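Chain by chain, the residues:
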Amino acid sequence: VCIWKPSEKTPVTALVCQHIVQSVFAANQVPEGVCNLVTGGREVGEWLTHDTRIPLVSATGSTRMGKAVGSAVGARLGRALLELGGNNAIIISEAADLDMSLIGCVFGAVGTAGQRCTSTRRLIIHESVYDAFTQKLVNAYKQLRIGDPLNENNHVGPLIDKQAVQAYQQALEQVTKQGGRFLVEGRVLEGKGFESGCYVQPCIAEVQNYFDIVQHETFAPILYVIKYQTLAEAIDIQNGVPQGLSSAIMTLNLREAEQFLSSAGSDCGIANVNIGTSGAEIGGAFGGEKETGGGRESGSDAWKNYMRRQTNTINYSNSLPLAQGISFDL
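A brief look at the structure comes next.

Basis of the calculations
Residues numbered from 1 in each chain as written. Predicted model: local features only at pLDDT ≥ 70, side-chain atom pairs only at ≥ 80, totals over all residues. Heavy atoms only, no water. Helix = DSSP H or I, 4+ residues; strand = E, 2+ residues; numbered from the N terminus. Expected span 1.5 Å × (residues − 1). Buried < 20%, exposed > 50% of the residue type's maximum accessible area, 1.4 Å probe, protein only. Arc of directions from axis to C-beta. Contact = heavy atoms within 4.5 Å. Pairing = 2+ DSSP bridges. Axes fitted to C-alpha atoms, helices over the stretch in contact; angles between N-to-C directions. Parallel < 35°, antiparallel > 145°, perpendicular 65-115°, else oblique. Left-handed = near helix turned anticlockwise from the far one by under 90°. Nonpolar A, V, L, I, M, F, W, Y, C, P; charged D, E, K, R; others polar. 1 Å grid on protein atoms, 1.4 Å probe; cavity = no way out; pocket = protein on both sides within 12 Å on 5 of 7 lines; lining within 4 Å. Points joined across faces, edges and corners; volume = space filled by probe spheres on them. Salt bridge = Lys/Arg side-chain N within 4 Å of Asp/Glu carboxyl O. Patch = residues over 30% accessible without salt bridge, like charges linked within 9 Å, V, L, I, M, F, W, Y side chains within 5 Å. Areas by Shrake-Rupley, 256 points an atom, 1.4 Å probe, with all protein chains shown as cover. Phe/Tyr/Trp six-rings, centres within 6.5 Å; stacked < 30°, edge-to-face > 60°. Lys NZ or Arg CZ within 6 Å of the ring centre and 35° of its normal.

Over its 16 residues, helix 6 (residues 162-177) extends 23 Å from the first C-alpha to the last, a length consistent with the 22 Å expected when each residue adds 1.5 Å. Among the residues of helix 6, those classed as buried are Ala 164, Val 165, Tyr 168, Ala 171, Leu 172 and Val 175. Projection of helix 6 onto a plane perpendicular to its axis shows the buried side chains occupying an angular sector of 120°, all on one side. Set apart from the buried face of helix 6 by more than 90 degrees, the exposed residues are Gln 163 and Lys 177. Where the residues of helix 6 are buried, they touch strand 7 (181-184), strand 8 (203-206) and strand 9 (222-228).

Next up on the list: the pairing of strand 9. The buried fraction of strand 9 amounts to six of the seven residues, a majority that puts the element mostly inside the structure. For strand 6 (residues 120-126) and strand 9, the ladder comprises five bridges, and the chain directions are parallel. Bridge assignment links Ile 124 to a residue of strand 9, and that residue is Ile 226. Here strand 8 pairs with strand 9 via four bridges, running parallel. Counterpart to Cys 203 in the pairing with strand 9 is Ile 222.

Here we come to the packing of helix 4 (residues 98-110) against helix 5 (residues 130-142). The relative placement of two packed helices is expressed as an angle between their axes plus a distance between the axes. Put simply, helix 4 and helix 5 touch, their axes get as near as 10 Å, and they point 50° apart. Classified by the angle their axes make, helix 4 and helix 5 are oblique. With respect to the hand of their crossing, helix 4 and helix 5 are arranged in right-handed fashion. Here helix 4 contributes Leu 98, Asp 99, Ser 101, Leu 102, Cys 105, Val 106, Ala 109 and Val 110 to the contact with helix 5, which in turn contributes Phe 133, Lys 136, Leu 137, Ala 140 and Tyr 141. Class assignment for the residues of the contact of helix 4 with helix 5 results in 10 nonpolar, one polar and two charged.

Our next topic: empty space enclosed by the protein. Once rolled over the atoms, a probe with the size of a water molecule shows which space is left empty. Scanning the entire structure with this criterion turns up one cavity of 30 Å³ or more. Estimates place the volume of the largest cavity at around 30 Å³. Tallied by class, the residues present in the lining of the largest cavity amount to three nonpolar, three polar and two charged.

Approximately 430 Å³ is the volume found for the second largest pocket. Along its surface, the second largest pocket is lined by 23 residues, and Val 110, Gly 111, Thr 112, His 155 and Val 156 are the ones closest to its centre. For the lining of the second largest pocket, the leading source of residues is helix 4, giving five residues.

Moving on, we come to the packing of helix 7 (residues 231-239) against helix 8 (residues 254-261). Where helix 7 meets helix 8, the closest approach of the two axes is 11 Å, and the angle between their N-to-C directions is 35°. Taken as a pair, helix 7 and helix 8 cross one another with a handedness that is right-handed. For the pair helix 7 and helix 8, contact is made by Leu 231, Ile 235 and Gln 238 and by Glu 256, Gln 259 and Phe 260, respectively. Residues of the contact of helix 7 with helix 8, tallied by class, amount to three nonpolar, two polar and one charged.

For the rest of this paragraph, the subject is the pattern of salt bridges. Two side chains that carry opposite charge are able to pair once their charged atoms sit near each other. Going through the model one piece at a time under the given rule, you end up with 10 salt bridges. For Asp 51, the salt bridge goes to Arg 53, with nearest N and O atoms at 2.7 Å. When its relative accessible area of 70% is taken as the criterion, Arg 53 is described as exposed.

Our next topic: a nonpolar patch on the surface. Residues Leu 320, Leu 322, Ile 326, Phe 328 and Leu 330 make up a contiguous nonpolar surface patch of roughly 640 Å² in combined accessible area. On the accessibility criterion, Leu 322 (38% relative accessible area) is partly exposed.

Backbone geometry places Thr 112, a non-glycine residue, at a positive phi of 50°. Tracing the backbone shows Thr 112 in the loop between helix 4 and strand 6. Residues other than glycine seldom take positive phi values, yet Asn 274 does so here, at roughly 60°. By secondary structure assignment, the location of Asn 274 is in the loop between strand 12 (270-273) and strand 13 (289-290).

Right, let's get into the packing of aromatic side chains. Remark: the centre distance and the inter-plane angle together describe each pair of aromatic rings, the angle taken between the planes. Throughout the structure, instances matching the rule amount to two aromatic pairs. A centroid spacing of 5.2 Å and a plane angle of 50° characterise the contact between Phe 194 and Tyr 199, whose relative ring orientation is tilted. Residues Phe 194 and Tyr 199 agree in their burial class; the two are buried. Look at Tyr 210 and Phe 211: their rings are 5.3 Å apart centre to centre, the planes differ by 85°, and that puts the pair in the edge-to-face class. The aromatic ring of Tyr 130 is capped on one face by Lys 227, whose charged end is 4.7 Å from the ring centroid.

Pasting the structure below:
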């Protein structure tokens, strides 16, 4: 039996999904109550988290939310499966196919307006191809079509609400304050078609990985670019954030690819070669390390998280064997 609560920002999507589930269940004689939906804000999530009748809480959201859920569930000795924030990076090697890399980077950074946990937040680019690749990026961003996401000709839709827009604007301010430089300026779009105030310009900023704003995930189309010299340095930069969800390297050098996938490489739950951070994980074990939570959704073993293990011993004999050779004369 499952009880699920969507984000308070997407209740209608959840209701539609629930109707689809119920129709499938009804057609297969699955009784009502196997899958249940509750909607609401933070207080509803807290009810579920603290309810001792719910042995497992699987939560997707921010690291802040995950820490609260984990401590509350742990306090009652329940189980938590957490899939939290991502600060995903793509390493662009000097041995990369730059044209192919460009497609993966742009899609990862601006797809769904940067509002995926696997969105590409950072590009770590070898110094020998840095200028050429960043110029390709700038040219690509000039071609982005922003507007109604129901129009298939558009590439980028809106941020989910005004609160997300404020977080985007605050991040832009911090980039400048902390010493970054914009290759493509960000702004809130105005005019016909943008009346909601939730459409923003995807932007690109040159930064250092240690900037405080770079260390945090902003759920918006802000892409940070960072220069590197050696692969070891690139891997250190990629791993040098609190989150550890998705990662990728673009390279045609087999040794670089193998090092990236080794124990000396990416510390993320998802590590890709010659494909971006967003989209390739469908069907695989989904989740990450560090402040991303450590849990896994989907994949061949994920179902075990939702099950309870029970050990059974049945004695079919007429006597009762005892451990350690103990015997009772009773």
